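The primary structure of each chain is shown beneath.
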Amino acid sequence: QKFEESQRIRICYFTQTVKNISLTRNVAVEKASGDYILFIDDDEVASEKWVYYLLKTICQFNVDGAIGPVFPEFNPMTPKWMKRRELFYLPVAGTGQKAMMYYTSNCIFRANVLKEIEAPFDPRYGITGGEDTHLFDRLEQQGARFVYCKEALVTEYLPPDRTSVSYLFKRALKGGNAHTRRIIEFTASKKMFIRLFMVCKSIGLGSASLILMLSRCTSPLQRTKWLMKLASNFGRFLAAIGYHYQNYR
């Protein structure tokens, strides 16, 4: 309301009635009118110069997009051993470094990169999750470039139900499932060989993760880390046999 009254920024709110995050993101891209499009999750809070740092990075390095880090804000009831950023988010890389992992919870795009694609976010990933990484992968294959911007940080409050071992298990399962699904999809040929390889990989690494998890039973942190590895490999196995885990159903 403050910005609208000053007429510096026009704020519009749109609805999309189908439960599918890809369809919702596509509406956002369609309605956006600027030269740049920024994404942030609805449960995150941007730092004071969030837009400034993302815009500065994308212009300074002449890239198609920039990705910032997410930091957690834990509930006071969260166990001390679980208050570890690495359980929930990827490591923070230096500004200008090539992005290795992608997400739209904190990022900026040049608008024309997305506007040139009809329905850029794939609805097939709208219930399973992974629609953002899927888009980044496709764009990168077409020559797009993305870098990190460590200064453009956002914070995310994690309620008790998202700081539980069961939540981390499901999250890791979703990640392993979506990652393997993309690998299979983007493989031009020999998909059956890739599927078989992923089955064998998931069984081998999953078994090792199970053994290591059991051997670390006295350390809740280490036990949880290996449980997440086990879950990721279970997700990989499911994707290899053609099952797509619907995490947001």
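Look a little higher up for the structure.
Keep in mind the model is a prediction, meaning the values are calculated, not measured.

Details of the sheet that holds strand β7 (residues 154–158)
Step number 1: Strand order in the open sheet made by the 3 strands is β2-β7-β4, with mixed pairing throughout. Of all strands in the sheet, those bounded by a partner on one side alone are β2 (44–46) and β4 (70–74). Averaged over all adjacent pairs, the angle separating strand axes in this sheet is 30°, with direction ignored.
Step number 2: Across 5 bridges, the pairing between β4 and β7 is parallel. Bridge assignment links valine 70 to a residue of β7, and that residue is valine 154.

Quick notes on helix α2 (residues 21–31)
Step number 1: Within the sequence span of α2, burial applies to Ser22, Arg25, Asn26, Val27 and Val29.
Step number 2: Structurally, α2 contributes buried residues whose contacts are with β1 (36–40), α4 (111–115) and α5 (131–141).
Step number 3: Taking the backbone nitrogen of serine 22 as reference, a side-chain oxygen 3.0 Å away marks asparagine 20 as the first, capping residue of α2.

Some words on the nonpolar core
Step number 1: Counting 24 residues, the largest nonpolar core has Leu54, Leu87, Phe88 and Leu168 as its most contacted members.
Step number 2: Elements with a contribution of two residues or more to this core: α3 (50–60), β7, α6 (165–186) and α8 (220–240).
Step number 3: Among the elements that line this core, the one with the most residues is α8, at 4 residues.
Step number 4: Those residues in contact with leucine 87 that sit more than four places away from it in its chain are Trp81, Met82, Leu168, Arg171, Leu221, Thr224, Lys225 and Met228.
Step number 5: Counting residues in each nonpolar core, the second largest holds 21 residues, with Ile67, Ala93, Phe121 and Leu135 among its members.

Regarding the packing of α6 against α8
Step number 1: Look at α6 against α8: their axes get within 7 Å of each other, and the N-to-C directions meet at 40°. In this view, α6 runs oblique relative to α8, as classed from their interaxial angle. The handedness of the crossing between α6 and α8 comes out as right-handed. For the pair α6 and α8, the contacting residues are Val165, Leu168, Phe169, Ala172, Leu173, Gly176, Asn177, Thr180, Arg181 and Ile184 in the first and Thr224, Leu227, Met228, Ala231, Ser232, Phe234, Gly235, Arg236, Leu238, Ala239 and Ala240 in the second.
Step number 2: Tallied by class, the residues present in the contact of α6 with α8 amount to 13 nonpolar, 6 polar and 2 charged.

Things to note about a nonpolar patch on the surface
Step number 1: A cluster of nonpolar side chains, Phe3, Ile9 and Ile11, forms an exposed patch at the surface whose accessible area comes to about 270 Å².
Step number 2: For phenylalanine 3, the location among the structural elements is in helix α1 (residues 2–6).
Step number 3: Given a relative accessible area of 38%, phenylalanine 3 falls into the partly exposed group.

The rules we used
- Residues numbered from 1 in each chain as written.
- Predicted model: local features only at pLDDT ≥ 70, side-chain atom pairs only at ≥ 80, totals over all residues.
- Heavy atoms only, no water.
- Pairing = 2+ DSSP bridges.
- Helix = DSSP H or I, 4+ residues; strand = E, 2+ residues; numbered from the N terminus.
- Axes fitted to C-alpha atoms, helices over the stretch in contact; angles between N-to-C directions.
- Buried < 20%, exposed > 50% of the residue type's maximum accessible area, 1.4 Å probe, protein only.
- Contact = heavy atoms within 4.5 Å.
- Polar contact = N/O pair within 3.5 Å; in protein donor to acceptor, adjacent residues only side chain to side chain.
- Core = buried A, V, L, I, M, F, W, Y, C linked by side-chain atoms within 4.5 Å.
- Parallel < 35°, antiparallel > 145°, perpendicular 65-115°, else oblique.
- Left-handed = near helix turned anticlockwise from the far one by under 90°.
- Nonpolar A, V, L, I, M, F, W, Y, C, P; charged D, E, K, R; others polar.
- Patch = residues over 30% accessible without salt bridge, like charges linked within 9 Å, V, L, I, M, F, W, Y side chains within 5 Å.
- Areas by Shrake-Rupley, 256 points an atom, 1.4 Å probe, with all protein chains shown as cover.
- Salt bridge = Lys/Arg side-chain N within 4 Å of Asp/Glu carboxyl O.

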